[in-house]
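A closer look at the structure
Spelled out from the first residue to the last, the chains are:
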Amino acid sequence: MSNINDTPSANEVSQALARALGESRISLDPARLSGHAGDWSEAKRLTPALMVYPRTPQEVAAALAVCTRLKQRIVVQGGLTGLAGGATPRGGEVALSLSKLNAIEDLDTVGGTVRIQAGVVLEALQQRVEQENWSFPLDLGARGSCHVGGNAATNAGGNRVIRFGTMREMVLGLEVALPDGRLLSMLNRVKKNTTGIDLKHLFIGSEGALGVITRLDLKLSPKPTSACTALCALPDFEAATRLVRELQRALPALSAFELMWSDYLTAAAEATALRRPFEDDHPVYVLVETLGVNDLSDREALEGELGKALETGIVCDVIVAQSVDDTQRLWAYREAIGELLGTLKPFAAFDIGIPMPRMGEFVAHVGQELRQRFPHQMHLFFGHIGDGNLHVLSGPHVSATNLHAIEQIVYGATADAGGCISAEHGIGVIKKDFLHLSRNAEELAVMRNLKALFDPGNILNAGRIFG
Ligand code: FAD
């Protein structure tokens, strides 16, 4: 096991962790270790030196204290669905999994809040609160595996940001284990709280660089009782910008506006063996969803607005889901990203933010350049366009040089368009060479100061975000 100042041996570390947490919390089993070798990104997979599975927040804090004392590097792992390589172990690291901290501790059905441990899987939380007529509206394709602690660490976005915001907007309070072994409670169940500096925001979206999230207080929304979904075919991207404006103005229940360019829809239909939704091919498709309380009036409102859009030519064709099966089928095109990440490996995947007025031109220009330079690969454009978040998936690319060339093209154009290099997946190891394109030197210096303040030994998630 390598370590910062070549002090502890593998034995020393595992014995110290076993003494602090108990033997049962440590594993050196090769099969277990290989299951923790990496996330969904193309970061190089590496088995950790050993696994730690704490069962309480106090045990997380104790593990960090041991690692700080022994100068042993440690990586935090949630559900390992990340796409930036942040949870993928680097040489000699111990991996700490939150998977055993998975209790939903207290559901407040009066105020609409819930206190959970960080390893609760997103879908399990969604289902539990729905039993009590509440909803946790964060939603993303990895819902069946990602942890809510991981969602907070990455400030996850997903399909419903247009209505409910990112994870940051849903977190009321946090508890965090710090590298020095302190358990910092910022737990808070009240929705308004202006008592000094709101420290929890330092930990949301900082990808485990400053501390390990152990528990969360979350804000819930009333459970919707009606959901309407439609897939629209559009003549161009400009029509999509007009449609989103119209729908946001007319439909307060609008909860998703997911854009797919033609090549994405074709690849998604192939990957899922679904029929193409429309007879004709169209340049752009939009999946629209409303979540409300009245099936009949919500459907009438959506159909009314889409009818107007058909008349004015903003929309060329539309399918409105008539059943739960229809709804699932329409969403399946968008959710095919899970399959596409598998079939296009090795891929370059991007989650950039582009100002809406520049988006159409960006896709046309970058698409053309990628197709010219790499004619044998697929280059798919799609995203949560209601909030300016564009995804690009390009692959398969066998050569690392190609992957780097594609990153240069996409991130260069992103910076030129005044966008950001990550709108929701984070920086991890995959994007750290490009962070300077989205953050200025002063911002980077303050980030490094914060890292040094919380983790002076640089033991926690070292080498992520800023190298
Ligand atoms: P991990 O992958 O385990 O870790 C991610 C980062 O957070 C790492 O740096 C890790 O060290 C850190 N971390 C994890 N848990 C903690 C903790 N408790 N405390 C401190 N640090 C921690 N993301 C979106 O935002 N929107 C999407 O729409 C979306 N769709 C996806 C679809 C698919 C098919 C896949 C595979 C991924 C998708 N993602 C999406 C990416 C991913 O699901 C999110 O980034 C998710 O929030 C990661 O959670 P996780 O528990 O899997 O974290």
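See the structure printed just above.
Reading the values: rules and limits
- Residues numbered from 1 in each chain as written.
- Predicted model: local features only at pLDDT ≥ 70, side-chain atom pairs only at ≥ 80, totals over all residues.
- Heavy atoms only, no water.
- Core = buried A, V, L, I, M, F, W, Y, C linked by side-chain atoms within 4.5 Å.
- Buried < 20%, exposed > 50% of the residue type's maximum accessible area, 1.4 Å probe, protein only.
- Contact = heavy atoms within 4.5 Å.
- Pairing = 2+ DSSP bridges.
- Helix = DSSP H or I, 4+ residues; strand = E, 2+ residues; numbered from the N terminus.
- Salt bridge = Lys/Arg side-chain N within 4 Å of Asp/Glu carboxyl O.
- Phe/Tyr/Trp six-rings, centres within 6.5 Å; stacked < 30°, edge-to-face > 60°.
- Lys NZ or Arg CZ within 6 Å of the ring centre and 35° of its normal.
- Near = heavy atom within 4 Å.
- Polar contact = N/O pair within 3.5 Å; in protein donor to acceptor, adjacent residues only side chain to side chain.
- Nonpolar A, V, L, I, M, F, W, Y, C, P; charged D, E, K, R; others polar.
- Axes fitted to C-alpha atoms, helices over the stretch in contact; angles between N-to-C directions.
- 1 Å grid on protein atoms, 1.4 Å probe; cavity = no way out; pocket = protein on both sides within 12 Å on 5 of 7 lines; lining within 4 Å.
- Points joined across faces, edges and corners; volume = space filled by probe spheres on them.
- Expected span 1.5 Å × (residues − 1).
- Arc of directions from axis to C-beta.

A word on the nonpolar core
- Counting residues in each nonpolar core, the largest one holds 57 residues, and the members touching the most others are Phe136, Leu216 and Leu218.
- Ignoring any residue separated from it by four or fewer positions in sequence, one finds Leu218 in contact with Gly112, Thr113, Val114, Ile116, Leu125, Phe136, Val148, Met167, Met170, Val171 and Leu172.
- Judged by nonpolar contacts, the second largest core, of 56 residues, contains Leu247, Leu259, Val315 and Phe466.

Overview of the sheet that holds strand E1 (residues 26-27)
- Judged by pairing direction, the sheet is mixed, and its 4 strands sit side by side in the order E1-E2-E4-E3 without closing on themselves. Looking at which strands have only one partner, the edges of the open sheet turn out to be E1 and strand E3 (74-77).
- Of the strand pairs in this sheet, strand E2 (residues 51-52) and strand E4 (residues 94-97) are connected by 2 bridges, and their pairing is parallel. Residue pairing across strands places Met51 opposite Ala95, the latter belonging to E4.

Here's the deal with the pattern of salt bridges
- Inspection of the entire model under this criterion finds 22 salt bridges.
- The shortest N-O distance in the salt bridge between Lys345 and Glu42 comes to 3.3 Å. Here Lys345, found in the loop between helix H13 (337-343) and strand E16 (348-353), pairs with Glu42, found in the loop between helix H2 (30-34) and E2; they are 303 residues apart in sequence, far enough to count as distant.
- The class of Glu42 is partly exposed, set by a relative accessible area of 27%.
- Residues Glu335 and Arg143 are paired through a salt bridge, measuring 2.9 Å at the closest nitrogen-oxygen approach.

Focus: the packing of aromatic side chains
- Tallying each qualifying case throughout the model produces 7 aromatic pairs.
- Ring geometry for Phe278 against Tyr285: centres 5.9 Å apart, planes inclined by 15°, an arrangement best described as stacked.
- In this structure Phe278 comes out as buried when scored by relative accessible area, which is 7%.
- Note on Tyr285: relative accessible area 0%, which makes it buried.
- Here Tyr411 and Phe434 contribute two aromatic rings whose centre-to-centre distance is 4.7 Å and whose plane-to-plane angle is 45°, an arrangement assigned as tilted. In this pair, Tyr411 is assigned in helix H15 (residues 400-416) and Phe434 in the loop between H15 and helix H16 (441-454), connecting sequence segments 23 residues apart.
- Tyr411 gets classed as buried once you look at its relative accessible area, which sits at 1%.
- Among the aromatic residues, those joined into a cluster by ring pairs are Phe237, Trp261 and Phe381.
- Sitting over the face of the ring of Tyr53, Lys100 holds its NZ or CZ atom 5.6 Å from the ring centroid.

Remarks on the site of the ligand
- Neighbouring the ligand are 34 residues, the closest being Val76, Gly78, Gly79, Thr81 and Gly82.
- At a separation of 2.7 Å, an oxygen atom of the ligand approaches a polar backbone atom of Val76.
- Gly157 has a polar backbone atom sitting 3.0 Å from an oxygen atom of the ligand.
- Mapped onto the shell around the ligand, the elements with two or more residues apiece are E3, helix H5 (148-153) and strand E10 (212-219).
- With 3 residues, the single largest contributor to the shell around the ligand is H5.
- Here the residues of the shell around the ligand are counted per class, giving 14 nonpolar, 18 polar and 2 charged.

Here we look at the sheet that holds strand E5 (residues 104-108)
- As summarised here, the arrangement of the 5 strands in space is E5-E6-E10-E8-E9, forming an open sheet in which the pairing is antiparallel. With partners counted over all chains shown, the strands left at the sheet margins are E5 and strand E9 (183-186), one partner each. On average, adjacent strands in this sheet sit at an angle of 10° to one another, irrespective of strand direction.
- Pairing geometry for strand E6 (residues 113-117) and E10, over 5 bridges, is antiparallel. Pairing of Ile116 across the sheet is with Leu216, part of E10.
- Set on the sheet, helix H3 (residues 57-70) makes contact with strand E8 (171-177), E9 and E10; between it and E10 the angle comes to about 145°.
- In the packing of helix H4 (residues 122-130) onto the sheet, the strands contacted are E5, E6 and E10, and the crossing angle to E5 comes to about 35°.

Here's the deal with the layout of surface pockets
- Taken as a whole, the second largest pocket spans an internal volume of roughly 900 Å³.
- Along the walls of the second largest pocket sit 32 residues, with Arg160, Ala227, Glu289, Leu291 and Thr327 positioned nearest its centre.
- At the level of elements, H4, strand E12 (226-234), strand E14 (284-292), helix H11 (295-312) and helix H12 (324-335) are the ones that each hand at least two residues to the lining of the second largest pocket.
- By residue number, the principal contributor to the lining of the second largest pocket is H12, which donates 6 residues.
- Considered class by class, the residues forming the lining of the second largest pocket number 12 nonpolar, 10 polar and 10 charged.

Some details on H16
- With 14 residues, H16 extends 20 Å from end C-alpha to end C-alpha; this agrees with the ideal 20 Å at 1.5 Å per step.
- Every buried residue of H16 is listed here: Leu444, Lys451 and Phe454. One face of H16 carries all of its buried residues, which in axial projection span an arc of 95°. Along H16, exposed side chains directed more than 90 degrees from the buried face belong to Ala441, Glu442, Asn449 and Leu453.
- On its buried face, H16 is in contact with helix H8 (200-203).
- Two or three places before Glu442, at the opening of H16, Asn440 has a side-chain oxygen 3.1 Å from that residue's backbone nitrogen.

Points about the pairing of E6
- In terms of burial, E6 is a largely internal element, 5 of the 5 residues being buried.
- Burial of the side chains of E6 extends over both faces: Thr113, Arg115 and Gln117 are buried on one face and Val114 and Ile116 on the other.
- The pairing of E5 with E6 spans 4 bridges and is antiparallel. If you follow Leu107 over to E6, its bridge partner there is Val114.
- If you look at the hairpin formed by E5 and E6, you'll find 4 residues sitting between the two strands, and Gly112 has a positive phi there, around 75°.

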